[in-house]
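# Results of the structural survey
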Amino acid sequence: MSLKPQIDNSRIPQHIAIIMDGNGRWAQEQGQDRLFGHFHGVQSVRDIVEGCAELGVRYLTLYAFSTENWDRPQKEVTGLMELLVETIRKEVPILNQNNIRMHFIGELSLMPPSAQQALQEARDLTAGNSGLNLIMALSYSSRWELMDAVKRIATDVESGILSPQQISQDILQQYLSTSEFPDPELMIRTSGEYRISNFLLYQLAYAELYFTQTRWPDFRKENLYEAIIDFQKRDRRFGKVKV
Ligand code: IPE
Ligand code: IPE
Ligand code: MG
């Protein structure tokens, strides 16, 4: 029986962030190459994007490739980039049918030109959509993002656009790659690792964290519902005392 009816539709998290982990182990457990796991992970992405759109989630951020992942074996990196380009190209018409808008965060200039082009096309072709915002974190790390923000703030101070006294949390937020999006309320990590791995360190300040043993290629809508139901049981205090 589906868990969906147990979800309180009036309290759906507006922004869910997911560390999609465990593709390599999932494949190795079946005696397959790591890329086989990444390939199967795409079906989970489709299912979860659809699930979030159906529930009315406004923002979904997926951690697909980290700055540190560039140091994996060349064969895996190349395979992942090819899979990314192919998947994005194939999915754009479906995203449009479902009114989903794509965004990308990360140091995209490090991506191969063909990938950069595919990202640009996906962004442009879905720019008019007003439903779910699907944010892919690619070549992303939070420390890179914060360093980049500090650099651009310093440049603007130097050129007189900004004074140090003006710098507030709101201003800092405007220099992050996530400036257009509210902070995630729920962060899910699959595959049984209990860490953040350089993902949205600033933005996750008050997110509820949910960890599951399920490997990403096995993660489906029902697993998402389970996470949301768990989230809805949490008492979010934000440092205050309930009166
Ligand atoms: C997550 O799965 C996908 C990426 C990091 C690209 P992994 O490739 O990290 O899989 P495990 O953690 O080695 O099982
Ligand atoms: C985090 O997973 C990055 C992505 C899911 C894209 P990793 O597998 O790279 O992280 P660690 O090495 O377990 O910390
Ligand atoms: Mg991993």
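In case you missed it, the structure is sitting above this.
A few points on the structure. Note that residues are indexed from 1 along each chain, following the sequence as it is written. Chains carry letters from A onward and ligands carry numbers from 1 onward, assigned in written order. Local features are withheld for residues below a pLDDT of 70 in this predicted model, meaning they are given only at 70 or higher, and side-chain atom pairs are given and counted only at 80 or more; totals for whole chains, interfaces and linings count all residues. Excluded from the side-chain calculations are hydrogens and water; all other atoms, namely the structure's heavy atoms, are used.

Here we take up the overall build of the protein. Scanning the protein for helices and strands turns up 7 helices and 6 strands. Ordered by position from the N terminus, the helices and strands of the protein form the series β-α-α-β-α-β-α-β-α-α-β-β-α. Computed over C-alpha atoms, the radius of gyration of the protein comes to 18 Å, within 12% of the 18 Å expected from 2.2 N^0.38 for 243 residues, which places it in the range of a compact globule. Any residue under 20% of the maximum accessible area for its type is buried, any over 50% is exposed, and the rest in between are partly exposed; the area is computed with a 1.4 Å probe on protein chains only. By residue count, 49% of the 243 residues in the protein fall in the buried class. Counted over contacts in the protein with a minimum sequence separation of 6, partners at least 24 positions apart contribute 77%. When the accessible area of the protein is evaluated, it comes to approximately 12500 Å², of which 52% is carbon and sulfur surface. Each helix is a run of DSSP H or I of at least 4 residues and each strand a run of E of at least 2, with the numbering of both proceeding from the N terminus. In this description the radius of gyration comes from C-alpha coordinates, and the expected globular size is given by 2.2 Å times residues to the power 0.38. Contacts: residue pairs with any heavy atoms within 4.5 Å of one another. Using a 1.4 Å probe, accessible areas were evaluated by the Shrake-Rupley method; residue-level cover was limited to the displayed protein chains.

Residue proximity to a molecule or strand is established when one non-hydrogen atom of the residue lies within 4 Å of it. All residues in the neighbourhood of ligand 2 are listed as Ile19, Met20, Asp21, Tyr63, Ala64, Phe65, Asn69, Arg72, Arg189, Arg195 and Ser197. In the analysis that follows, any N or O atom pair within 3.5 Å is treated as a polar contact, provided that within protein one partner can donate a hydrogen and the other can accept it, and provided that, for residues neighboring in sequence, both atoms belong to side chains. In this structure, Asp21 approaches ligand 2 through a side-chain N or O atom, which is 3.2 Å from an oxygen atom. One of the side-chain N or O atoms of Arg189 is found 3.2 Å from an oxygen atom in ligand 2. In terms of residue count, the dominant contributor to the shell around ligand 2 is strand β2 (residues 59-66) (3 residues).

This paragraph deals with helix α3 (residues 74-97). What a helix is expected to span follows from its residue count: subtract one and scale by 1.5 Å. The terminal C-alpha atoms of α3, which comprises 24 residues, lie 35 Å apart, in line with the 34 Å expected from a rise of 1.5 Å per residue. Fitting one axis to the seven residues ending at a residue and another to the seven starting there, the bend at that residue is the angle between the two axes. Glu91 marks where α3 bends most, by close to 40°; the proline Pro93 follows one to four residues later.

Attention now moves to the nonpolar core. Counting residues in hydrophobic clusters, the biggest one holds 46 residues, and the most contacted among them are Ile16 and Leu60. Take this core: its biggest share by element is 8 residues, from α3. Discounting chain neighbours no more than four positions away, the residues touching Ile16 are Cys52, Val57, Tyr59, Leu60, Thr61, Leu186, Ile188, Leu224 and Ile228. Here, nonpolar core means buried Ala, Val, Leu, Ile, Met, Phe, Trp, Tyr and Cys residues that are tied together by side-chain atoms lying within 4.5 Å of each other. Counting residues in hydrophobic clusters, the runner-up holds 14 residues, among them Tyr63, Ile105, Ile135 and Phe199.

It is worth spelling out the pattern of salt bridges at this point. Opposite charge on two side chains allows them to pair when their charged atoms are near. The salt bridge criterion pairs a side-chain nitrogen of Lys or Arg with a carboxyl oxygen of Asp or Glu, the two atoms within 4 Å. Throughout the structure, instances matching the rule amount to 21 salt bridges. Put simply, Glu91 and Arg46 hold a salt bridge, and the shortest N to O gap is 2.7 Å. Residue Glu91 is found in helix α3, and its partner Arg46 is found in helix α2 (residues 34-55); the two are separated by 45 residues along the sequence. By relative accessible area, which is 13% here, Glu91 ends up buried. Linking Lys242 and Asp235 is a salt bridge whose minimum nitrogen-to-oxygen distance equals 2.4 Å.

The next thing to look at is the site of ligand 1. Neighbouring ligand 1 are 13 residues; Asp21, Gly24, Arg25, Arg34 and Arg72 lie closest to it. Between Arg34 and ligand 1, the recorded distance is 2.8 Å, taken from a side-chain N or O atom to an oxygen atom. A distance of 2.7 Å separates an oxygen atom of ligand 1 from a polar side-chain atom of Arg72. Protein contacts shield 88% of the accessible area of ligand 1, which totals 380 Å² for the unbound molecule. Secondary-structure elements contributing two or more residues to the shell around ligand 1 are α1 (23-28), α2 and α3. No other element matches the 3 residues that α1 contributes to the shell around ligand 1. Throughout, the ten residues Ala, Val, Leu, Ile, Met, Phe, Trp, Tyr, Cys and Pro are labelled nonpolar, Asp, Glu, Lys and Arg are labelled charged, and all others, Gly among them, are labelled polar. Across the shell around ligand 1, the residue classes tally to 3 nonpolar, 5 polar and 5 charged.

This brings us to the packing of aromatic side chains. Given two aromatic rings, one states the distance between the centres and the angle between the planes to describe the pair. Only Phe, Tyr and Trp rings are paired, with Trp represented by its six-membered ring, and only when their centres lie within 6.5 Å; those with planes under 30 degrees apart are stacked, over 60 edge-to-face, the remainder tilted. Inspection of every chain in the model, using the stated rule, returns 9 aromatic pairs. A ring pair is formed by Trp26 and Phe36, whose centres lie 5.8 Å apart and whose planes are at 20°; its orientation type is stacked. Note that Trp26 is positioned in helix α1 and Phe36 in helix α2, a separation of 10 residues in sequence. Residue Trp26 is classed as buried on the basis of its relative accessible area of 10%. Of the residues examined, Phe36 reaches a relative accessible area of 27% and is grouped as partly exposed. On the numbers, 5.9 Å between centres and 55° between planes, the contact of Tyr59 with Phe181 is tilted. In this pair, Tyr59 sits in strand β2 while Phe181 sits in the loop between α6 (169-174) and β5 (186-189), placing the two residues 122 residues apart along the sequence. Comparing Tyr59 with Phe181, the two get one shared label, buried. Grouping aromatic residues by their ring pairs yields a cluster made of Tyr63, Tyr140 and Phe199.

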